[in-house]
Amino acid sequence: MIQAWASPLAIWCVFFLILLWTTLCFAAILRRRWADEERLPFPVIALPLEMTRPGAPLYRQPLLWIGFALPCVLHSLNSLQSIYPSLPQFHMNSVHDLVPDAGLTFPWNASGSLFYMLHPAGVGFGYLVNTDVSFSLWFFYLLKKAVSVWAASLSLRDAATGWGTEANEQFPYISYQGWGAWLTLGVATLWTGRRYIMGYIRRALHGDREGVDAGEPMSARVAVFGFLAGFLALCAFVWSWGGSWWLPVVFLLLYLLLMVTLTRIRAEMPVVSTELVFVNPQSILAAVAGTANLSHPDLAHTSMLSWFNTDYRAVGMPHELEGLVGLQRARARLSPLIGAILLSAGIAMLASIVWDLQLYYVNGAGTGNVNGFHTGKGSEPWNNLQGWFQNPKPPNLPAITSMAAGAAITALLTVLRAQFIEFPLHPAGYVLNMSFANDFFWCDMLVAWMVKSVILRYGGMKLYRQLLPLFLGLILGDFVTGSVWSLIGTWLRVDLFRTFAT
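My aim in this report is to walk through the structure given alongside it, one point at a time. Because the structure is a prediction, the values reported are computed rather than measured.

1. Quick look at the overall build of the protein chain
Within the protein chain, the secondary structure is distributed over 20 helices and two strands. Relative to a compact globule of 502 residues, whose C-alpha radius of gyration would be 23 Å, the protein chain shows 23 Å and is just as compact. Dimensions of the protein chain along its principal axes, counting C-alpha atoms only, are 60 × 60 × 60 Å. In the protein chain, buried positions account for 48% of the 502 residues. Restricting to contacts in the protein chain with at least 6 residues of sequence separation, those with at least 24 account for 78%. Just so you have it, the protein chain exposes about 23,800 Å², and 66% of that area is on carbon and sulfur atoms. Distance between charge centroids for the protein chain: 9 Å, based on 30 positive and 27 negative side chains.

2. Let's talk about the layout of surface pockets
Taken as a whole, the second largest pocket encloses approximately 1,200 Å³ of empty space. Surrounding the second largest pocket, 39 residues form its lining, Arg39, Leu40, Pro41, Phe42 and Arg329 being those nearest its centre. Sorting the residues of the lining of the second largest pocket by element identifies helix H2 (46-51), helix H8 (174-192), helix H12 (246-268), helix H18 (397-419), helix H19 (427-433) and helix H20 (442-492) as the ones contributing at least two each. The element that contributes the greatest number of residues to the lining of the second largest pocket is H20, accounting for five residues.

3. Remarks on the packing of aromatic side chains
Tallying each qualifying case throughout the model produces 30 aromatic pairs. Ring geometry for Phe15 and Phe308: centres 5.8 Å apart, planes at 50°, overall tilted. Of this pair, Phe15 sits in helix H1 (residues 2-37) while Phe308 is found in the loop between helix H14 (296-304) and helix H15 (316-329), placing the two residues 293 residues apart along the sequence. Comparing Phe15 with Phe308 shows no difference in burial state: the two are buried. Members of the aromatic cluster, connected to one another through ring pairs, are Trp12, Phe15, Phe16, Phe237, Tyr255, Trp307, Phe308 and Tyr312. Above the plane of the ring of Trp191 lies Arg194, whose end atom (NZ or CZ) is 4.0 Å from the centre.

4. Quick notes on the packing of H12 against H15
Two elements in contact, H12 and H15, have axes separated by 8 Å at closest approach and are oriented at 45°. If you check the angle between H12 and H15, you find them oblique. Crossing hand, H12 versus H15: right-handed. Within the contact between the two elements, H12 uses Met259, Val260, Leu262, Thr263 and Arg266 and H15 uses Met317, Pro318, His319, Leu321 and Glu322. By residue class, the composition of the contact of H12 with H15 is six nonpolar, two polar and two charged.

5. Examining H8
Over its 19 residues, H8 extends 26 Å from the first C-alpha to the last, a length consistent with the 27 Å expected when each residue adds 1.5 Å. Summarising burial for H8: 14 of the 19 residues are buried, a large majority.

6. Comments concerning the packing of H15 against helix H16 (residues 335-363)
In contact at an axis separation of 11 Å, H15 and H16 are set at 145° when each is read in the N-to-C sense. Note on packing geometry: the crossing formed by H15 with H16 is right-handed. Judged by residue contacts, Glu320, Gly323, Leu324 and Leu327 of H15 engage Leu337, Ile338 and Ile341 from H16. The residue makeup of the contact of H15 with H16, split by class, is five nonpolar, one polar and one charged.

7. Some points on the pattern of salt bridges
In the structure shown here, the tally under the stated rule is 14 salt bridges. Two residues, Arg264 and Glu38, come together in a salt bridge whose shortest N-O distance is 2.7 Å. With Arg264 in helix H12 and Glu38 in the loop between H1 and H2, this residue pair connects regions lying 226 residues apart in the sequence. Residue classification places Arg264 among the buried residues on the basis of a relative accessible area of 12%. Looking at Glu38, the relative accessible area reads 29%, which means it is partly exposed. Between Glu322 and Arg266 there is a salt bridge, with its nearest N and O atoms 2.7 Å apart.

Each value, and the rule that gives it
Residues numbered from 1 in each chain as written. Predicted model: local features only at pLDDT ≥ 70, side-chain atom pairs only at ≥ 80, totals over all residues. Heavy atoms only, no water. Helix = DSSP H or I, 4+ residues; strand = E, 2+ residues; numbered from the N terminus. Rg over C-alpha atoms; globule rule 2.2 N^0.38 Å. Buried < 20%, exposed > 50% of the residue type's maximum accessible area, 1.4 Å probe, protein only. Contact = heavy atoms within 4.5 Å. Areas by Shrake-Rupley, 256 points an atom, 1.4 Å probe, with all protein chains shown as cover. Lys, Arg positive; Asp, Glu negative; His and termini not counted. Charge placed at Lys NZ, Arg CZ, Asp CG, Glu CD. 1 Å grid on protein atoms, 1.4 Å probe; cavity = no way out; pocket = protein on both sides within 12 Å on 5 of 7 lines; lining within 4 Å. Points joined across faces, edges and corners; volume = space filled by probe spheres on them. Phe/Tyr/Trp six-rings, centres within 6.5 Å; stacked < 30°, edge-to-face > 60°. Lys NZ or Arg CZ within 6 Å of the ring centre and 35° of its normal. Axes fitted to C-alpha atoms, helices over the stretch in contact; angles between N-to-C directions. Parallel < 35°, antiparallel > 145°, perpendicular 65-115°, else oblique. Left-handed = near helix turned anticlockwise from the far one by under 90°. Nonpolar A, V, L, I, M, F, W, Y, C, P; charged D, E, K, R; others polar. Expected span 1.5 Å × (residues − 1). Salt bridge = Lys/Arg side-chain N within 4 Å of Asp/Glu carboxyl O.

Printed below as a string of structure tokens:
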């Protein structure tokens, strides 16, 4: 059994390590610009930095433990209720949909869905960022739902179409807008930092070792030429199997542009889950180029490269940059982190391969013993390929037009944000809501925005800083409680309340 899997899995492990190396070099290039010059907040690393300060002052804050206790008690009661049904249950971290719950009818049901749920960690993360950021996150979510309702009332779209692809392929074409929005924000991010990037490249060409000497993760030469070598190696992997020379170049450039956008958004916003779902290179290529205009080898390669683009919840580049920035702000040396990241990635790959093979062979991949979502994700690229072969289509004009609209809206918000200091709408809030990443967490941002706005208005920055441990405790309690009860459920072999259910 292992022999049959060894060769293909070894090849893909090497491919993925090269991919991680390429994005790691890109993260090293951008680190100083975003972390030192722009001083972006990187909210995800705020709690780990506070937990590891010398002397651990955070743990002596009573507010931390009050915040910790809230999710700990509520989630523990929910888990115990799974064993003892007579206990009360509190619906936190549980998905609710206002459309069926409230019995909404036409045209209100044209929103497709209106999920609402409350995560203590989500509220805690929302407290760490500016109020205009948290405001944008919930405002654009509700706005896209309102536009869908308005469109249905004018017969521009169907009502009650659910929340998936079929809903987003109608006016206002949310997924198509998302393609243009995500790519445009990536381009805008690189364009605004072009002088820094060009200066970094000049340092690399001149063999400047200032990066290592100044505590950078790698020298400018290693970062730039390592990125180029990694990118060419990834392209060569696809070229070796035939097909058009441009296909892997375009596909991987789209991927890297999406990674720049996602990494930038996570550096500024509390992105609790990077579940983009509808935004990926394979969908963009198939719609813009038209599957009828792509050869069968090119379509096959597009599907073959889809496996690391079906869902970006565990994507590498944002975590790589957050790791570099976290260690730098903790005054640690960054250069040892490069080897540690790649080594840990290799170990994780081997461990996951052994675990998955054991899981599927022992329990049966096609049986009810295994979550169908995981096996469905594995077949998704090949189901798409079969559809492309059997039903080739020309370029999708609504998709191209909506991409242009999403790009224009993102560019306009970026310009307004740069020109007017008090402008309340952040372009990243629009971009993130043109995917599925914020649908489960907009309510957290609404609560965090209201709470922080009141605190700043009546207590100022002094009260905000005093209450910060309380909200860090919400984050810590949510994750620790969920982890502990997950281990208990695994040990007892029982289904408990899913603390991190989405």
